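Fold and contact review
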Amino acid sequence: MQDSEISANQAVTNYGGGAYHENGGRIASSELRGNSALRGGGVYIARIGEIFNSILHENTATDGGGIYLYYGGLARGCLLTRNSAVAGGGINQYQWTYTTYTTMVESCTIVFNTAVTAGGGLWLRDNDPYTVKNYNNIIWFNTVDSGTHSNVYNYAWQASNDFYHCAVPPTSLITTGQ
């Protein structure tokens, strides 16, 4: 899917209010606005699904207001703003299943999103030895209704998650785990 506008939809299957891409699906240069779902208000992406150069705004979900990335999902060059969720207002990035795929966010701007409990901008979770990866992102001006993880909530299960060349307020990278 390319050069599309997807707005005012609600997921029937609980995943991907605006779109659901798995096993190679791709969204490029599109706008996803005002959609809702349990996971991935704007879009749910898994197993090498991708979203590029798109704008996601005003989407809502329980997990991942703008995007829910699951094992092997990729978001690159996207703007995520004014999305909301219980966890991961902008993006919920989850690498749980044992797989060779990498969940990655690259060159995205994640600003002015809101979460109820954690990760107003970005909520991360991994499963050792697999990590989620973040490169060249701007993650700023996000909020949470309760808690202190306004921009990034990094729930590192056993491994650490990768952050390279990301602009994040210094007190925002909070890591917890079991």
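This text follows the structure it describes.
Residues numbered from 1 in each chain as written. Predicted model: local features only at pLDDT ≥ 70, side-chain atom pairs only at ≥ 80, totals over all residues. Heavy atoms only, no water.

Attention shifts here to unusual backbone geometry. Positive phi outside glycine occurs at Ile48, with the angle close to 65°. Among the structural elements, Ile48 can be located in the loop between β6 (43-46) and β7 (50-52). (Helix = DSSP H or I, 4+ residues; strand = E, 2+ residues; numbered from the N terminus.)

Within the fold, Val12 resides in the loop between β1 (5-7) and β2 (19-22). For the pair Val12 and Ala37, spaced 25 residues apart in sequence, the C-alpha to C-alpha distance is 8.0 Å.

Spatial strand order, β3-β7-β11-β15-β19-β23: six strands in an open sheet with parallel pairing. Bordering the open sheet on either side are β3 (26-28) and β23 (162-164), each of which pairs with just one other strand. Here the strands of the sheet are splayed against their neighbours by 5° on average, with no regard to which way each runs. Where β7 and strand β11 (residues 74-76) come together, three bridges link them in parallel fashion. Bridged to Ile51 within β11 is Ala75. (Pairing = 2+ DSSP bridges. Axes fitted to C-alpha atoms, helices over the stretch in contact; angles between N-to-C directions.)

Inspection of the entire model under this criterion finds seven salt bridges. Residues Arg33 and Glu31 are paired through a salt bridge, measuring 3.4 Å at the closest nitrogen-oxygen approach. Residue class for Glu31 comes out partly exposed when judged on its relative accessible area of 25%. Between Asp63 and Arg39 there is a salt bridge, with the nearest N and O atoms lying 3.4 Å from each other. (Salt bridge = Lys/Arg side-chain N within 4 Å of Asp/Glu carboxyl O. Buried < 20%, exposed > 50% of the residue type's maximum accessible area, 1.4 Å probe, protein only.)

Burial along strand β22 (residues 152-155) is two-sided: Val152 and Asn154 facing one way and Tyr153 and Tyr155 facing the other are all buried. In this structure, strand β18 (residues 122-125) lies alongside β22, joined through four bridges in parallel fashion. Residue pairing across strands places Leu124 opposite Asn154, the latter belonging to β22.

Another point: the nonpolar core. Counting 23 residues, the largest nonpolar core has Leu32, Val43, Ile51, Leu56, Ile67 and Ile91 as its most contacted members. The set of elements that each furnish at least two residues to this core consists of β6, β10 (67-70) and β18. In this structure Val43 touches Gly16, Ala19, His21, Ile27, Leu32, Ile51, Leu56, Gly66, Ile67 and Tyr68, once residues within four positions along its chain are discounted. Among the nonpolar cores identified, the runner-up in size contains eleven residues, and Tyr44, Ala46, Tyr94 and Tyr155 belong to it. (Core = buried A, V, L, I, M, F, W, Y, C linked by side-chain atoms within 4.5 Å. Contact = heavy atoms within 4.5 Å.)

Bringing the packing of aromatic side chains into the picture now. Counted according to the given criterion, the structure contains twelve aromatic pairs. With centroids separated by 6.5 Å and ring planes inclined at 75°, the aromatic side chains of Tyr68 and Tyr94 adopt a geometry described as edge-to-face. In this pair, Tyr68 is assigned in strand β10 and Tyr94 in strand β14 (residues 91-94), connecting sequence segments 26 residues apart. Among the residues examined, Tyr68 registers a relative accessible area of 3% and is labelled buried. A residue is classified by how much of its surface remains accessible, and Tyr94, at 15% relative accessible area, is buried. The interplanar angle of 10° and the centroid separation of 5.3 Å between the aromatic rings of Tyr135 and Tyr164 together place this pair among those described as stacked. Taken together, the residues Tyr135 in strand β19 (residues 133-135) and Tyr164 in strand β23 connect sequence positions 29 residues apart. (Phe/Tyr/Trp six-rings, centres within 6.5 Å; stacked < 30°, edge-to-face > 60°.)

Along the polypeptide, Asn142 turns up in the loop between β20 (138-140) and β21 (143-144). Here the side chain of Asn142 touches Ile110 through a polar contact of 3.0 Å, landing on its backbone oxygen. A polar atom in the side chain of Asn142 sits 2.8 Å from the backbone nitrogen of Asn113. Those residues within four positions of Asn142 in sequence are excluded, and the remaining contacts are Ile110, Val111, Phe112, Asn113, Gly120, Gly121, Ser150 and Asn151. (Polar contact = N/O pair within 3.5 Å; in protein donor to acceptor, adjacent residues only side chain to side chain.)

In short, shape yes, function no, at least from these values alone.
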